[in-house]
Every structure is written in structure tokens, then in C-alpha cells.
Amino acid sequence: MMMYAAQQPSASNSVVLVTGGSGLVGKAIHDIISRSDDPEAEHFGRRQGEQWIFLSSKDGDLRDFEQSKAIFDQHKPTHIIHLAAFVGGLFRNMRQKADFYRDNSLMNENLLHLAHLYNVKKVVSCLSTCIFPDKTTYPIDETMIHNGPPHESNFGYAYAKRMIDVMNRSYSEQYGCKFTSVVPTNIYGPFDNYNLEDSHVIPGLIHKCYIAKLQNKPFVVSGTGAPLRQFIYSMDLAKLFIWVLREYEEIDPIILSVGEEDEISIKHVADTIVSTMEFNGEYVWDASKPDGQFKKTASNLKLRKYLPDFKFTPFQTALQESVEWFVNNYDIARK
Amino acid sequence: MSLLLPERGSGLVGKAIQEIISRKSDASESERFARRQGEQWIFLSSKDGDLRDFTQTKPIFERHKPTHVIHLAAFVGGLFRNMHQKADFYRDNSLMNENILHLAHIYNVKKVVSCLSTCIFPDKTTYPIDETMIHNGPPHESNFGYAFAKRMIDVMNRSYNEQYGSKFTSVVPTNIFGPYDNYNLEDSHVIPGLIHKCYLAKQQNTPFVVSGTGAPLRQFIYSMDLAKLFIWVLREYDDVDPIILSVGEEDEISIKHVADSIVSAMKFKGEYMWDALKPDGQFKKTASNLKLKKHLPDFKFTPFQTALQETVEWFVNNYDDARK
């Protein structure tokens, strides 16, 4: 049994709204709060009197104030996990900076302002390590977000996300609101986006390997495999989101990640995918393709201070589950 | 037909722009900065619509179909209000700026010139500050709501330019002064505040007491000069990146010199003293005007003495109507 900091009993009749509820993280949160057979369910599962509502874009366009207000009127949330965002791969980010800035800003401004108007007790929004300053020292930590401009390629998205933190602090100082945010490192898990153009590295490689196996072709991975990255399994992230919602009291963001000691090379990621998929075809590296940055370490010291004993799912297990989900759900997977 | 649409036409800078485009007799410069053939200038105020509301802002674009916009409208306030209303300052300014720029894009406006401020620059910085430094670190704590909202104008200018080829740009004035200023004793900037204070001291036969030692140096820009430069930026400055509009470092003026000039312009004969116990503020906050100098090496700023005299006279003659 894991030991955690003293817990407050949850208020009766909480209504927890999750925006972006049908995505990678939303699905994981849904999974975690529903588990009743997990030893951790007692800690992270749905509590007495908690109602969880998972929204998707079908429920309303959050860029529109009136549609957003209607959602608040209908559900009267007491808590919000705000995952909804306009996201895209490198290409779209580079070409649509105005749209990425505007659409995300409108959603975030509407959501936080309505949360203030409706006296929502807590909002947890989702930032990203890609919004940090381009020129920086490593490891990056929570205090560094605004210390310089983000990378040119996605500055529309990056600034819109940064302004969540600016609004969190503004609403806290002016109105005493408890709006905060988390900064996950590279997330992976079931229900991801597996689009070969747009996806992140793990789902992209899973999809590529799947196709190589299906078509009896070589599985070719770009680069040398040397770069190191911190990955976080969506199920672990979901547990931490729930902990942040219930117990993290700071307005300042918190990085949610494995530590530097658990960074994994892209080669190890690809090797693991190959073995998990039982891919027996030709597996090669195209070292003429760029590697990207060697290390981009984010510090998880703040998380470790709060939750020294939190156990992340071992990478092998998490990746196995992710690959199995994809293979079993290929037809409905987003790609 | 060009249609020009300055906003917040009732403020310090808007009034100055109105004045400059109307001047016929200002020697050689009237030709350069005055209204041109085929230009229609429309000055808006908050009565024309709430720019935070997209459904009120769109009709303004629909009705006037501007080809150019000078965007001066902003929610501003003194230190106290900024410190205590950060969420409002962030939200209200962001909503206005997002609406204006997006509608300018939708209505194919050829050029938008927005107004930033030196107070949005990073708190921890080297001097002189220049146009490349705006996003290099967080702004001062006291007004970060306002500061970030203003910074996002530059982010949007660049985003719309990269995605849509829009020509949206911005200027960074240093400390502006002139007629039609805000002379509120709590909220105002240093020159109008001291003018008002001295006026009251003269009226009431009380001492004119100025806070601090008078040592700090500042760059001031007369609203009439700023107006001319705004018009030049609108017509001829083609960068999307901001441009600092200011006198050079060599023309920085001490607060003591400002106060002395006010005392003499007002012909104040009473007791004039300094309360050196009050804080001075930063000694120097020099902003570089090299970019402006490169574009307009021969631009002549109105001498401070003249500009201040005109400003004081306006205040004295318009005391009842002045914003205070």
C-alpha cells in the first residue's frame, strides 16, 4: 500500500467536468476513475458523491462564449480538468500560427472566466514541455516557463498555452480562484493519435511498425535512436491529474514526469515496439534523418517532493498495453 | 479611397493624431503628416461600441470598412488598479486586441498599427532595451496582466503575418505627455500628475512637494511628435516587428528638470520642495531609438521646453474639462 500525504475527504456532490474528455488523457482519466478492482482505486477511483462528466467537441464549441456558458449552466461544475486544445503536428503548427493562437486562447479565456463566474472550486489545465523557452538550460523546471521566447515553429500554440498560467495567477490574485496547471512530458497510451504525419513519437512508431508487419516491409526508423526522452504513460498521468485536482494547492504549474534517471532512448523505444509487436522483418535506422535534440530533461523534483513514493508503470508494461490496444482497436484508432 | 480608423480617438494620442492630420499651417511638416487626398479618418470612442464584444466590434468594421487601423484603445490604469485587477486587465485587453486583429484579417485591412508600452518589457533586463527584447523574460509583477495582454499583440501580429500575410505592426512609445492627458492624481503618469499638483498648490497657496530626489532620468515624448510618428508608421513602416518611438538617450531628462520646467511654465512662486524620503524608482530605464533613427534620421522632436509649455497652457485653459 502506498503512503500519501493526508487526504481531505472529497466534498459531497462534486461535479467534475473534463473538457477534451475523448482524447488520450481524457480516456485514461475515465479508465482510472472507473476502476474498482485496482488496489489503487481506493486512492484514485471515483469517490462517494463525485460525478464525473467527460465532454467532447460534440457538447459545444468552447471558443464560443455562449456555447461554453450553456455547458456551465447545464452541468454546474464544481471542478474542472481542462484538456481540450487545438493541437497539431509540426507542419500544421508552423503554417497556422494565428489559428493555433486564437482558437486556444478563446477556449482558455472562456473556460477560466466562466469557471470564475460559476465559482468553480478548482481548475486544472494542461500545459506542455514544448512551450518552454527555446534557449534554456537543462533540466527545465516549473519556474522557467516565461523566461524567454518559445521555439519559432509553434509559437502560436506555445504562447496560448503560456497564457493559461498568466490567467491562473491573475485570477488567483484578483479573485482568489484556485486555477492551476500541469506540465506532462511525452504522453503515450491507448486512444492516442496514430496519424503518421501528426502523431508523437511512440504512437507514430507503433503505427509504422504495424504497417511494416502487415505489408511485409522493413520497419525504418528515422535518426540514430540515440536521443533520450522522458515518457509518461497516460494511465500514470491520469492518476496524477486526479491527485492534482484533489490535493495540489499551488497555482504554479507542476511537471508530471518520470525522473531524469528514467529517460529512455528512442532506440530503446523502437526495440521495445519491435519485440512487443513480434515484428520479425527487417528493422533499420535511417541515420541520414535528423535526430532532434539529444536531451530535453524536465525536472520532476517538485512532483517527487509531494509524492515521493508514486510508482510509475514500468515502460515495458505500459508499452505492451499500448501496443495491444492499438492492434486490437486498429479500425477505430485515430489515424 | 483610403479609410483610416484610429480608435480611442478621445485619448491623449488619439487627440494628438486628430490635431496633426488637421494642421494646415505647421510649416514644412504639415505636408508630410497631414491628411492626404482621398484619406478619410474616423475617430472612435467607447460610445461607438464595446470592442471586447465581437458582435459589437464587427458592425464597426461592417459600417466603416476600414482599409487601415490605428489601434489605441486599451484598458489602462495606475499602479494600484493594475496590481489589484490583473485578471480584468488581462482579459479586457486581450478580448479587444483579439477582436480587432481578427476582424482586420477578415476585412482585409491593409495595415494595423497597435500600441505597446515600455512597461511590458522584461523586468530583469540589460539597458538600453530594444525591440528584440520584449519577450525575453517575465514582466514586472505589479502589472503582468496588462503587460502580457500587450505582448500578445506582437505575438498575434507575427502569427497573422506568417499565416495570412497580414501587415499588422506595433509601436513602443516611451513616456507620453501632452494636452488631453489623464491628470488624475492617483492614476496619472508623472508629467500630468506634477502639472496638476503644481496647479493645485498655486491655487491653494500650499507648497508644491515632489516625491523623491528628482535624480532619475526618463525619456519623454510629446504627444504631437508621437502622432506624427504614428502617421509615418501607418504609411511607411513595413516591418511586423515593433518600433520604439522615443527621443534618444542623450535627451533623457531628470525628474528634477521636469518639475523645474513645470514650476517656471506655471509661474509658480510658492514653496517648491522635494520629499526625498519617498522612493525614486529606477534611476534609468533607457530605451534605444536606433531603429527609429535609422528610418528617420532627420526627424525633429519638439524641444521639451516648448512641448511642456503647450501642455501646461492647455491644462490651465481647460482645467474644467480635463480628465482628472
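Residues numbered from 1 in each chain as written. Chains lettered and ligands numbered in written order. Predicted model: local features only at pLDDT ≥ 70, side-chain atom pairs only at ≥ 80, totals over all residues. Heavy atoms only, no water.

## Thoughts on the overall build of chain B
- Regarding its fold elements, chain B presents 11 helices and 12 strands.
- For 324 residues, the compact-globule formula gives about 20 Å, and the C-alpha radius of gyration of chain B, at 20 Å, lands near that figure.
- When each of the 324 residues of chain B is scored for burial, the buried share is 56%.
- The contacts in chain B between residues at least 6 apart in sequence include a share of 81% that link residues at least 24 apart.
- With the model as given, the accessible surface of chain B reaches about 14200 Å², and the carbon-plus-sulfur share is 51%.
- Side-chain charges of chain B comprise 39 positive and 40 negative groups, with the mean position of each set lying 2 Å from the other. (Helix = DSSP H or I, 4+ residues; strand = E, 2+ residues; numbered from the N terminus. Rg over C-alpha atoms; globule rule 2.2 N^0.38 Å. Buried < 20%, exposed > 50% of the residue type's maximum accessible area, 1.4 Å probe, protein only. Contact = heavy atoms within 4.5 Å. Areas by Shrake-Rupley, 256 points an atom, 1.4 Å probe, with all protein chains shown as cover. Lys, Arg positive; Asp, Glu negative; His and termini not counted. Charge placed at Lys NZ, Arg CZ, Asp CG, Glu CD.)

## Examining the pattern of salt bridges
Residues and elements named next belong to chain A.
- Summed over all chains, the structure comprises 30 salt bridges over all chains.
- In this structure, the salt-bridge partner of glutamate 260 is lysine 295, at a minimum N-O distance of 3.0 Å. Of this pair, glutamate 260 sits in the loop between β10 (254-256) and β11 (264-265) while lysine 295 sits in the loop between β12 (283-286) and α10 (301-306), placing them 35 residues apart in sequence.
- What makes glutamate 260 partly exposed here is its relative accessible area of 41%.
- For lysine 295, a relative accessible area of 28% gives the class partly exposed.
- Each of Asp61, Arg63 and Asp103 takes part in salt bridges that share partners, so that together they form one network. (Salt bridge = Lys/Arg side-chain N within 4 Å of Asp/Glu carboxyl O.)

## Regarding the interface of chain B and chain A
- Chain B puts 30 residues into the contact, and the matching count from chain A is 30 residues.
- It is Tyr90(B), Arg91(B) and Gln163(B) that lose the most area in chain B upon contact with chain A, and together they represent 22% of the buried surface on that side.
- Inspection of the chain B/chain A interface yields four salt bridges.
- Put simply, Glu162(B) and Lys97(A) hold a salt bridge, and the shortest N to O gap is 2.5 Å.
- Connecting chain B to chain A are 15 residue pairs in polar contact (both at pLDDT 80 or more).
- Those elements that place two or more of their residues in the side of chain B that touches chain A are α4 (79-84), α5 (86-106) and α6 (144-164) of chain B. (Buried area = accessible area lost by both parts, 1.4 Å probe. Polar contact = N/O pair within 3.5 Å; in protein donor to acceptor, adjacent residues only side chain to side chain.)

## Notes on the environment of Pro133(A)
- Assignment of secondary structure puts Pro133(A) in the loop between β4 (122-126) and α6 (155-175).
- Setting aside chain neighbours within four positions, we find Pro133(A) in contact with Met144(A), Ile145(A), Asn147(A), Gly148(A), Pro149(A), Pro150(A) and Arg162(A).

## What about the side chain of Thr174(B)?
- If you trace the backbone, Thr174(B) turns up in the loop between β5 (168-173) and β6 (175-177).
- Apart from the residues lying within four places of it in its own chain, the contact partners of Thr174(B) are Thr118(B), Gln219(B), Phe220(B), Ile221(B), Leu245(B), Ser246(B) and Ala287(B).

## Examining the environment of Gly193(B)
- When you line up the elements, Gly193(B) lands in helix α7 (residues 190-204).
- Ignoring sequence-local partners within four residues, the contact set of Gly193(B) consists of Leu185(B) and Ser188(B).

## Concerning the nonpolar core
- With 61 residues, the main nonpolar core has Ile29(A), Trp52(A), Phe241(A) and Met277(A) as its most contacted residues.
- Take this core: its biggest share by element is nine residues, from helix α8 (residues 234-247) of chain A.
- Trp52(A) has contacts with Val16(A), Val18(A), Ile29(A), Ile33(A), Arg46(A), Ile81(A), Ile242(A), Leu245(A) and Arg246(A), leaving out every residue within four places of it along the chain.
- Formed by 60 residues, the second largest nonpolar core is a distinct cluster that contains Leu12(B), Trp41(B), Cys198(B) and Leu292(B). (Core = buried A, V, L, I, M, F, W, Y, C linked by side-chain atoms within 4.5 Å.)

## A short note on the confidence of the model for chain A
- Averaged over chain A, the pLDDT score is 93; the fraction of residues at 70 or greater is 94%.
- Scored below 50 in pLDDT, residues 1-11 of chain A makes 18 contacts in the model with residues more than four places away or belonging to other chains. (pLDDT = per-residue confidence, 0-100.)

## Section: the packing of α5(B) against α6(B)
All names here are of chain B.
- The N-to-C vectors of α5 and α6 enclose an angle of 20°; their axes lie 8 Å apart at closest approach. With respect to α6, the axis of α5 lies roughly parallel. When you trace α5 past α6, the crossing you get is right-handed. Packed against α5, whose contacting residues are Lys86, Phe89, Tyr90, Asn93, Ser94, Asn97, Glu98, Leu101, His102 and His105, the element α6 presents Phe144, Gly145, Tyr146, Phe148, Ala149, Met152, Ile153, Met156, Asn157, Tyr160 and Tyr164 at the interface.
- Each residue belonging to the contact of α5 with α6 can be placed in one class, and the counts come to 12 nonpolar, seven polar and two charged. (Axes fitted to C-alpha atoms, helices over the stretch in contact; angles between N-to-C directions. Parallel < 35°, antiparallel > 145°, perpendicular 65-115°, else oblique. Left-handed = near helix turned anticlockwise from the far one by under 90°. Nonpolar A, V, L, I, M, F, W, Y, C, P; charged D, E, K, R; others polar.)

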